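# Understanding the architecture of this molecule
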Amino acid sequence: MFKHKGYFLALAVLATTCAVPAAAQQAQPQAAQALMAEWAAMYSPELKKKMMAVAPETRMQLMSIMVTHDRRSPQATMRQVMQEIMADFQTVSIALATDNGEMAADAARRLANHRLPKGGMLPYLPWDKITTQDISTLPTFNMVVEGGALKVAAAAEKGDFATAAQHFGEVMSGCVACHQQFRGVPGVSDRLVAAPAK
Ligand code: HEC
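Residue numbers here run from 1 along each chain, matching the order of that chain's written sequence. Residues qualify for local features only when their pLDDT is at least 70, as the model is predicted, and side-chain atom pairs are given and counted only at 80 or more; totals for whole chains, interfaces and linings, by contrast, use all residues.

## So, the overall build of the protein chain
A run of H or I in DSSP counts as a helix once it spans at least four residues, and a run of E counts as a strand once it spans at least two, with each numbered from the N terminus. A tally of regular secondary structure across the protein chain gives ten helices and zero strands. The linear arrangement of helices and strands in the protein chain, starting from the amino end, is α-α-α-α-α-α-α-α-α-α. Looking at the protein chain as a whole, 28% of its 198 residues are labelled buried. Neighbour counting defines burial: a residue surrounded by 20 or more other C-beta atoms within 10 Å of its own C-beta is buried, one with 12 or fewer is exposed, and intermediate counts give partly exposed, using backbone-placed C-beta atoms.

Written as structure tokens, this is what we have:
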């Protein structure tokens, strides 16, 4: 399933040390159900069918993370949200490079509590990735990125830029791993004779 199994395992170990509170993810099952129903009401019949084929506990695991995000957009696409995340990520790097702990902490927390796209994540994932196996990896990527960003914020606020930079690297490894699993190279053209595989 994974192109880089060892890499994923290392990420999973990282995730267990990350700061997204496990309790928060277990909590609010009703709110998670309600959000899933709200999104499902927007889905095409095909997407609904795909979603229902994912194991219920895997769906709930994903939703219990989603529900902890209180910034939910009625219109933004996942790509637009990713661009905001990219902007916050770059802001953190500028702040760390200039010893600006407050700036780094603000941007890292904003990144951790990023906006959710319209309908959640499922509408934007490739069809063949909406499976129990693939969806069950999302909580790990989430914990590495968001837990890592919260650790960056805490260290930067204390003026410990070396530790903050280390956690910043963890965040980047989470972005990269999720892209390998769910995205690939953005904008690849099929009009080139020797186009790289999508
Ligand atoms: C949960 C998995 C996941 C994580 C974690 C993740 N991304 Fe993404 N990212 C995606 C997917 C899927 C897309 C493609 C979305 C689309 O095209 O609809 C994407 C697209 C993007 C894009 C837009 C590229 C394009 O197609 O134009 C940027 C920029 C980006 N991500 C940055 C980041 C950064 C920076 C991080 C880490 C801080 C990150 N992402 C973490 C899944 C993820």
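That shown, we press on.
## Some details on the nonpolar core
Within soluble globular proteins, side chains that are nonpolar generally end up buried alongside one another. Residues enter a nonpolar core if they are buried, belong to Ala, Val, Leu, Ile, Met, Phe, Trp, Tyr or Cys, and are joined to the set through C-beta atoms within 7 Å. If you look at the biggest cluster of nonpolar residues, it comprises 32 residues, and the most contacted ones within it are Val92, Ala104, Ala108, Ala149, Val152 and Ala156. For this core, the secondary structure elements donating two or more residues are helix H3 (29–40), helix H5 (56–66), helix H6 (78–97), helix H7 (101–112), helix H9 (138–157) and helix H10 (161–182). The leading source of residues in this core is H9, at eleven residues. Contact criterion: two residues are in contact if their C-beta atoms, reconstructed from the backbone, are within 7 Å. Apart from residues lying up to four places away in sequence, valine 92 is in contact with Ala104, Ala107, Ala108, Leu111, Val152 and Phe168.

## Quick notes on the site of the ligand
The ligand sits among 20 residues. The nearest are Met82, Tyr124, Cys175, Cys178 and Pro186. Sorting the residues of the shell around the ligand by element identifies H6, H9 and H10 as the ones contributing at least two each. Only Asp, Glu, Lys and Arg are considered charged in this grouping, and only Ala, Val, Leu, Ile, Met, Phe, Trp, Tyr, Cys and Pro are considered nonpolar; every other residue, Gly among them, is considered polar. By residue class, the composition of the shell around the ligand is 15 nonpolar, three polar and two charged. By definition, a residue lies near a molecule or strand when the C-beta atom built from its backbone is within 6 Å of it.

## Looking at the packing of H5 against H9
The convention used is that axes are lines fitted to C-alpha atoms, helices contributing only their stretch in contact, and that angles between N-to-C directions extend from 0 to 180 degrees. Two elements in contact, H5 and H9, have axes whose closest approach is 9 Å; the angle formed by their N-to-C orientations is 25 degrees. Relative to H9, the element H5 lies roughly parallel. Crossing of H5 against H9: the hand is left-handed. Contacts from Gln61, Leu62 and Ile65 of H5 reach H9 at Leu138, Pro139 and Asn142. Its residues assigned to classes, the contact of H5 with H9 shows four nonpolar, two polar and no charged. Note on terminology: angles under 35 degrees are roughly parallel, angles over 145 are roughly antiparallel, angles of 65 to 115 are roughly perpendicular, and the others are oblique. Each crossing gets its hand from how the near helix is turned against the far one by less than a right angle, where anticlockwise is left-handed and clockwise is right-handed.

## Section: unusual backbone geometry
In this structure, aspartate 99 takes a positive phi of about 55 degrees despite not being glycine. For aspartate 99, the position within the fold is in the loop between H6 and H7. Residue classification places aspartate 99 among the exposed positions, given that 11 C-beta atoms sit within 10 Å.

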